[in-house]
Amino acid sequence: MSEKKPPQKAEADFPTYKGKPLVRSGDTIYYGSMQDKYVIKMDIKSKKKVGDLEVAEKVTVQLMYTDPEIRTRKQIVKTSEKDGLYLALDIADAWLTRALAE
């Protein structure tokens, strides 16, 4: 008899924003799937204290190619700096949606 294996997931269970995964490593957040042509990289440059929480103040947003064959400097398509994570995610979603629609 053959054993039944549990169904495998294509991606790990990451938090999502508007259906795309968010992956955090320190002060860097990646938005989108690495299997797509583009991904967004957000670097938190400064933080401020609000009550007991640290909140992102300045965030650099970069639209990047995911192709590992392209040199790092050439991977960056667009870049911007935003005040706060909400504004950064807002522009990130717009850029990524437009880029993936090409």
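In this text the structure is predicted, and so the values were computed from the model without any measurement.

### Points about the overall build of the protein
Thought 1: Counting its regular elements, the protein contains two helices and six strands.
Thought 2: Taken from the N to the C terminus, the helices and strands of the protein come in the order β-β-β-β-β-α-β-α.
Thought 3: Here the protein, with 102 residues, has 33% of them falling under the buried criterion.
Thought 4: For the protein, long-range pairs separated by at least 24 residues make up 37% of all intrachain contacts whose partners lie at least 6 apart in sequence.
Thought 5: Surface exposure of the protein reaches about 7600 Å², of which carbon and sulfur atoms provide 51%.

### So, the nonpolar core
Thought 1: Membership of the largest hydrophobic core comes to 18 residues, with the highest contact counts inside it found for Leu22, Tyr31, Ile40, Met42, Val61 and Leu63.
Thought 2: Elements supplying a minimum of two residues to this core: strand S3 (28–31), strand S4 (38–50), strand S5 (53–65) and helix H2 (85–101).
Thought 3: The dominant element in this core, judged by the number of residues it contributes, is H2, at six residues.
Thought 4: Once you skip the residues sitting within four places of it in the chain, Leu22 turns out to touch Phe14, Pro15, Thr16, Tyr17, Ile29, Tyr30, Tyr31, Met42 and Leu89.

### Examining the confidence of the model for the protein
Thought 1: In the predicted model, the protein carries a mean pLDDT of 87, and 88% of its residues have values of at least 70.
Thought 2: When the criterion is pLDDT under 50, residues 5–10 qualifies, and its contacts beyond four places in sequence or with other chains add up to zero contacts.

### Looking at unusual backbone geometry
A negative phi holds for most residues other than glycine; trans holds for most peptide bonds.
Thought 1: The phi dihedral of Lys18 is positive, around 55 degrees, even though this residue is not glycine.
Thought 2: As for its placement among the helices and strands, Lys18 is situated in the loop between strand S1 (16–17) and strand S2 (20–25).
Thought 3: When its relative accessible area of 53% is taken as the criterion, Lys18 is described as exposed.

### Structural notes on the sheet that holds S2
Thought 1: Read across the sheet, six strands follow the order S1-S2-S3-S4-S5-S6 without closing on themselves; strand pairing throughout is antiparallel. The two strands at the open ends of the sheet, each matched to only one other strand, are S1 and strand S6 (76–83).
Thought 2: Summarising the sheet, S5 and S6 pair through seven bridges and their orientation is antiparallel. Paired with Thr60 across the strands is Glu81, a residue of S6.

### So, the pairing of S3
Thought 1: As paired elements, S2 and S3 share four bridges and run antiparallel to each other. Looking across to S3, one finds that Arg24 is bridged to Ile29.
Thought 2: Counting the residues that bridge the hairpin from S2 to S3 gives two residues, and of these Gly26 lies at a positive phi of roughly 65 degrees.
Thought 3: Bridge count for S3 against S4 is four bridges, and the pairing is antiparallel. Of the residues in S4, the one forming a bridge with Tyr30 is Lys41.
Thought 4: Counted between consecutive antiparallel strands, the loop separating S3 from S4 contains six residues, among which Gly32 sits at a positive phi close to 115 degrees.

### Brief notes about the pairing of S2
Thought 1: The pairing of S1 with S2 spans two bridges and is classified as antiparallel. From the neighbouring strand, Thr16 faces S2, where its bridge partner is Pro21.
Thought 2: The turn joining S1 and S2, which pair antiparallel and follow one another in sequence, is formed by two residues; a positive phi near 55 degrees is taken by Lys18.

Conventions we followed
Residues numbered from 1 in each chain as written. Predicted model: local features only at pLDDT ≥ 70, side-chain atom pairs only at ≥ 80, totals over all residues. Heavy atoms only, no water. Helix = DSSP H or I, 4+ residues; strand = E, 2+ residues; numbered from the N terminus. Buried < 20%, exposed > 50% of the residue type's maximum accessible area, 1.4 Å probe, protein only. Contact = heavy atoms within 4.5 Å. Areas by Shrake-Rupley, 256 points an atom, 1.4 Å probe, with all protein chains shown as cover. Core = buried A, V, L, I, M, F, W, Y, C linked by side-chain atoms within 4.5 Å. pLDDT = per-residue confidence, 0-100. Pairing = 2+ DSSP bridges.

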